[in-house]
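Chain by chain, the residues run as shown.
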Amino acid sequence: MVIADHRVPVPAASVAAHCGEGEVAVEVNQNLFGNGQLIYPSDLTLGGCVAQSTTDHILLFQTELHGCNSMLNMTEDTLIYSFSLEYLPTPIGNTFILKTNPAEVVIECHYQRRHYVSSNALRPAWVLFAAMMEAEQQPQFSLRLMTEDWQSPRPSNVFFLSDVIHFEAVLLGYHVPLRIYVDSCVATVTPDPDSQPRYPFIDNFGCLRDSRLTGAKSFFLQRSQEDKIQFQLETFRFHQDHNNSVHITCQLKATSVSGPIDSQHKSCSFLTEANRWVASDGDNMVCRCCETSCGEQRRKRRSAADAGTVYRRHLKKVDPCGHNQPF
């Protein structure tokens with residue numbers, strides 16, 4: 001008689017996974033195989049981690065996304081954290097016999113790298129199935145107008161010509177270490193970022209070219225923390241636009257803090273007085289492509305963990321004579 005030692009399938013109802021902002025929680029029924037036989041808690045581990053509690057025959061595992069020997073994989077669109085829920089039965093009592101075979105459930109938490117955000121909170125969902133658990137949650141971005149001292153959000157979106165607009169982009173509610181970037185920003189008369197006239201003052205993966213084109217004092221500030229970036233822009237208006245209204249649309253993205261600062265992950269400003277590009281963090285060499293194209297290498301390789309969003313701001317301008325007009 002031959003006893004085949006193979007890993008048996010696990011019923012979908014036996015395991016539930018919840019992928020949160022920075023951690024994963026896994027619930028496992030001790031009746032793992034649905035045959036009425038309860039497994040020993042010590043025989044089940046999540047990446048080598050034991051269950052933290054047992055209630056009503058439900059084993060609970062909790063860990064940070066980078067804990068319990070998780071594996072991180074990246075695709076063009078997704079961050080994937082993988083965990084191995086492994087059942088390795090031990091002999092019954094003082095015998096040397098086993099009544100069950102080993103089993104493994106692969107649990108995956110999927111996080112989208114690019115998306116459009118709204119003001120609504122994004123909540124993860126529970127997903128149940130036999131061999132793989134997937135849950136998606138999207139990081140949340142904020143692009144806001146700040147006061148001149150950068151201490152608080154600006155209560156008004158009305159500006160005079162020659163004013164300086166202070167922007168702050170922040171990554172919210174996302175505890176996996178990420179670094180935020182502003183890939184592009186375009187100003188338009190209408191909410192449509194593709195409409196004409198349009199003024200792309202940040203493009204080419206983070207090249208703030210307003211000062212290069214107009215001589216204005218517009219630039220990225222030195223980064224104070226990885227999940228926040230600040231930049232300032234001198235006000236302007238469109239020629240023959242009598243509404244004096246400007247809509248600004250920016251594409252933000254986040255990347256792993258362990259990823260390189262390179263031509264497609266940078267924050268570059270043009271110093272008019274020095275006639276050169278400088279990086280707000282990292283080597284100024286990453287800004288050399290701002291005069292040409294910084295997207296040439298995108299086809300050849302993909303860098304780590306880009307999660308992005310398009311964010312829009314509507315601004316108003318006050319004319320130099322003090323008349324409050326919709327900008």
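Looking at an unreviewed UniProt entry, one finds the protein chain named Zona pellucida sperm-binding protein 3, with Takifugu rubripes as its source organism. According to the UniProt record, the Function (unreviewed entry) comment for the protein chain is "Component of the zona pellucida, an extracellular matrix surrounding oocytes which mediates sperm binding, induction of the acrosome reaction and prevents post-fertilization polyspermy. The zona pellucida is composed of 3 to 4 glycoproteins, ZP1, ZP2, ZP3, and ZP4. ZP3 is essential for sperm binding and zona matrix formation." The Sequence similarities (unreviewed entry) comment attached to the protein chain in UniProt states, word for word, "Belongs to the ZP domain family. ZPC subfamily."

(A) Examining the overall build of the protein chain more closely. Of regular secondary structure, the protein chain possesses one helix and 21 strands. A separation of at least 24 residues holds for 66% of the contacts in the protein chain among residues at least 6 apart in sequence.

(B) Summary view of the pairing of strand S8 (residues 103-112). Buried residues dominate S8, accounting for seven of its ten residues. By the bridge criterion, ten bridges tie strand S7 (residues 78-87) to S8 in an arrangement that is antiparallel. Bridge assignment links Thr 78 to a residue of S8, and that residue is Gln 112.

(C) Up close: the sheet that holds strand S10 (residues 140-146). The strand order across the open sheet formed by four strands is S10-S12-S17-S16, and the pairing between neighbours is antiparallel. Among the strands making up the open sheet, the edge pair consists of S10 and strand S16 (219-220).

(D) Broad picture of the packing of aromatic side chains. Following the criterion strictly, the structure yields eight aromatic pairs and no others. On the basis of an interplanar angle of 70° and a centroid distance of 5.4 Å, the ring pair of Phe 270 and Trp 277 is categorised as edge-to-face. Phe 270 sits in the buried class, given a relative accessible area of 6%. In this structure Trp 277 comes out as buried when scored by relative accessible area, which is 10%. By way of ring pairs, the aromatic residues Tyr 199, Phe 201, Phe 236 and Phe 238 are connected into one cluster.

(E) Here's a closer look at the pattern of salt bridges. With the rule as written, the count across this model stands at seven salt bridges. Of the charged contacts, one joins Glu 168 and Arg 144 as a salt bridge, the two residues approaching to 2.7 Å between their closest N and O atoms. Separated by 24 residues along the polypeptide, Glu 168 in strand S12 (residues 164-172) and Arg 144 in strand S10 bring together distant segments of the chain. For Glu 168, a relative accessible area of 2% corresponds to the buried category. Here Glu 291 and Arg 212 are joined by a salt bridge, their closest N and O atoms 2.7 Å apart. On the criterion of sequence distance, the pair formed by Glu 291 in the loop between strand S20 (276-279) and strand S21 (307-318) and Arg 212 in helix H1 (residues 210-214) is long-range, its members being 79 residues apart.

(F) Fine view of the state of the cysteines. What the rule picks out here adds up to six disulfides. Through a disulfide, Cys 185 is tied to Cys 250; the S-S separation comes to 1.9 Å. One quick way to see it: the torsion about the S-S bond of Cys 185 and Cys 250 is about 110°, and its sign makes the bridge right-handed. One end of the pair, Cys 185, is in strand S13 (residues 178-188); the other, Cys 250, is in strand S18 (residues 245-256), and 65 residues separate them in sequence. Considered together, Cys 185 and Cys 250 belong to a single accessibility category, that of buried residues. With a sulfur-sulfur separation of 2.0 Å, Cys 289 is cross-linked through a disulfide to Cys 294.

(G) Focus on the sheet that holds strand S2 (residues 23-29). Strand order in this open sheet of four strands is S1-S2-S5-S4, and the pairing throughout is antiparallel. On the outer flanks of this sheet lie strand S1 (15-19) and strand S4 (53-55), each paired with one strand and no other. Neighbour to neighbour, the strand axes of the sheet diverge by 20° on average, direction disregarded. Here S1 pairs with S2 via five bridges, running antiparallel. Bridge pairing links Cys 19 to Val 24 in S2.

(H) Broad picture of the nonpolar core. Phe 167, Val 182, Ala 187, Phe 201, Ile 202, Phe 231 and Ile 248 are the most contacted members of the largest nonpolar core, which totals 28 residues. Of all the elements in the fold, those that place two or more residues in this core are S10, S12, S13, strand S14 (198-203), strand S17 (228-234) and S18. Beyond its immediate stretch of four places on either side in the chain, Phe 201 contacts Cys 185, Val 186, Ala 187, Cys 207, Leu 208, Arg 209, Asp 210, Phe 231, Leu 233 and Ile 248. Counting 26 residues, the second-largest nonpolar core is a separate cluster that includes Phe 33, Ile 39, Leu 46 and Val 176.

(I) Examining the pairing of strand S5 (residues 58-64) more closely. Side-chain alternation along S5 places Leu 59, Phe 61 and Thr 63 on a buried face and Ile 58, Leu 60, Gln 62 and Glu 64 on a face that remains uncovered. The pairing of S2 with S5 spans seven bridges and is antiparallel. Looking at S5, one finds that Asn 29 is bridged to Ile 58. In the sheet, S4 pairs with S5 via three bridges, with the strands oriented antiparallel. If you follow Ser 53 over to S5, its bridge partner there is Leu 60. In sequence, S4 turns back onto S5 through a hairpin of two residues, with Asp 56 there showing a positive phi of about 50°.

Conventions and cut-offs
Residues numbered from 1 in each chain as written. Predicted model: local features only at pLDDT ≥ 70, side-chain atom pairs only at ≥ 80, totals over all residues. Heavy atoms only, no water. UniProt positions renumbered as here; feature names shortened; annotations may be inferred. Helix = DSSP H or I, 4+ residues; strand = E, 2+ residues; numbered from the N terminus. Contact = heavy atoms within 4.5 Å. Buried < 20%, exposed > 50% of the residue type's maximum accessible area, 1.4 Å probe, protein only. Pairing = 2+ DSSP bridges. Phe/Tyr/Trp six-rings, centres within 6.5 Å; stacked < 30°, edge-to-face > 60°. Salt bridge = Lys/Arg side-chain N within 4 Å of Asp/Glu carboxyl O. Disulfide = S-S within 2.5 Å. Axes fitted to C-alpha atoms, helices over the stretch in contact; angles between N-to-C directions. Core = buried A, V, L, I, M, F, W, Y, C linked by side-chain atoms within 4.5 Å.

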